[in-house]
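Coordinate inspection notes
So the chains spell out like this:
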Amino acid sequence: MYPRCISIFCAAAAVLSPLAIGSTAEAAKKDKAFFQSVAGNWKGPGEIVAGKYKGTKFTCDLTGVAQEGNKAGVKLDGTCRVGVFKQPMSAVITEAGRSYKGKFLDGGAGKGLDIVSGAVSGDKVVLGINRSKLNGAMIARLEDDNAMKVTISVKVEDKMIPVIGVTLNRQVDDIKVGSIE
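Residues numbered from 1 in each chain as written. Predicted model: local features only at pLDDT ≥ 70, side-chain atom pairs only at ≥ 80, totals over all residues. Heavy atoms only, no water.

Observations concerning the pattern of salt bridges
Cut-off, in case you're wondering: We define a salt bridge as a contact between a side-chain nitrogen of Lys or Arg and a carboxyl oxygen of Asp or Glu at a distance within 4 Å. Relative accessibility decides the category of a residue: with a 1.4 Å probe and only protein chains considered, values under 20% of the type maximum give buried, values over 50% give exposed, and everything between is partly exposed.
Applying the stated criterion to the full structure yields three salt bridges. The residue Lys75 makes a salt bridge to Asp77 at a minimum N-O spacing of 3.8 Å. For Lys75, a relative accessible area of 43% gives the class partly exposed. A residue is classified by how much of its surface remains accessible, and Asp77, at 35% relative accessible area, is partly exposed. Between Arg141 and Glu143 there is a salt bridge, with its nearest N and O atoms 3.2 Å apart. Relative accessible area serves as the criterion here: at 35%, Arg141 is assigned to the partly exposed category. You can call Glu143 partly exposed: its relative accessible area is 39%.

Some points on the sheet that holds strand β4 (residues 85-96)
Where we set the bar: Note on pairing: two strands pair once DSSP finds at least 2 bridges between them. The secondary structure listing takes helices from DSSP runs of H or I that are at least 4 residues long and strands from runs of E that are at least 2 residues long, numbered from the N terminus. Axis lines are fitted through C-alpha atoms, for helices just across the contact stretch, and the angle between N-to-C directions can take any value from 0 to 180 degrees.
An order of β1-β2-β3-β4-β5-β6-β7-β8-β9-β10 is seen for the ten strands of this closed barrel, with the pairing classed as antiparallel. The average undirected angle you get between the axes of adjacent strands in this sheet is 25°. Two elements, strand β1 (residues 40-48) and strand β2 (residues 57-66), share eight bridges in a ladder whose sense is antiparallel. The residue bridging Glu47 from the neighbouring strand is Lys57, located in β2.

So, the packing of aromatic side chains
To be explicit about the condition: Put simply, two rings from Phe, Tyr or Trp (the six-membered ring, in Trp's case) pair if the centres are within 6.5 Å, and we call them stacked under 30 degrees between planes, edge-to-face over 60, tilted for the rest.
For the coordinates displayed, the defined rule picks out two aromatic pairs. Consider the rings of Phe34 and Phe35, whose centres lie 6.0 Å apart with planes at 80°: the pair is edge-to-face. Phe35 carries the same exposure label as Phe34, and that label is buried. Ring pairs connect the aromatic residues Phe34, Phe35 and Tyr100, which therefore count as one cluster.

Quick look at the pairing of strand β10 (residues 159-170)
Bridging between β1 and β10 involves five bridges; their strand directions are antiparallel. Residue pairing in the sheet places Trp42 in a bridge with Arg170 of β10. Of the strand pairs in this sheet, strand β9 (residues 147-156) and β10 are connected by ten bridges, and their pairing is antiparallel. Note that in β10 the partner of Val154 across the bridge is Ile161. Turn length for the β9-β10 hairpin, with the two strands adjacent in sequence and antiparallel, is two residues, and the turn residue Glu157 shows positive phi of about 55°.

Bear in mind that shape data such as this cannot, by itself, settle questions of function.
Here's what the structure looks like:
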């Protein structure tokens, strides 16, 4: 019951992960900067806000690494937990021409989701997500350098219905470097 539910929302939450349409060199630089800004360690609570599992609360612990080189993108790895159930979570978002492609977990052909489109605008990314007949969107918005909100919505008839909300905070390393005598 919960493990399947966890894999769906974990994949979507990973998308804390961003997407972009870069029509110019300047837009491509801004997209790359956005993905670099979401790199790091993120942790925080979430809740399923609609559907069969409405009210289910969970926490995620994710690490993002920006794609190296000229292309924009990010790879996320970590876990999300509901009670005693812990689900590995991963996402890969890669620049593909003037758009982005990617997947959560093992993609729509498996137990995850496909990333089929997206755009970065300032401090926000909107990703198109798909799994079989399920279409939706994930919006990740940086509230500041250390806080991000993620909303995952699915399309029902002609309306987008929010189903998952996650609030993530950047985890800052408190270890101080000192001298050894």
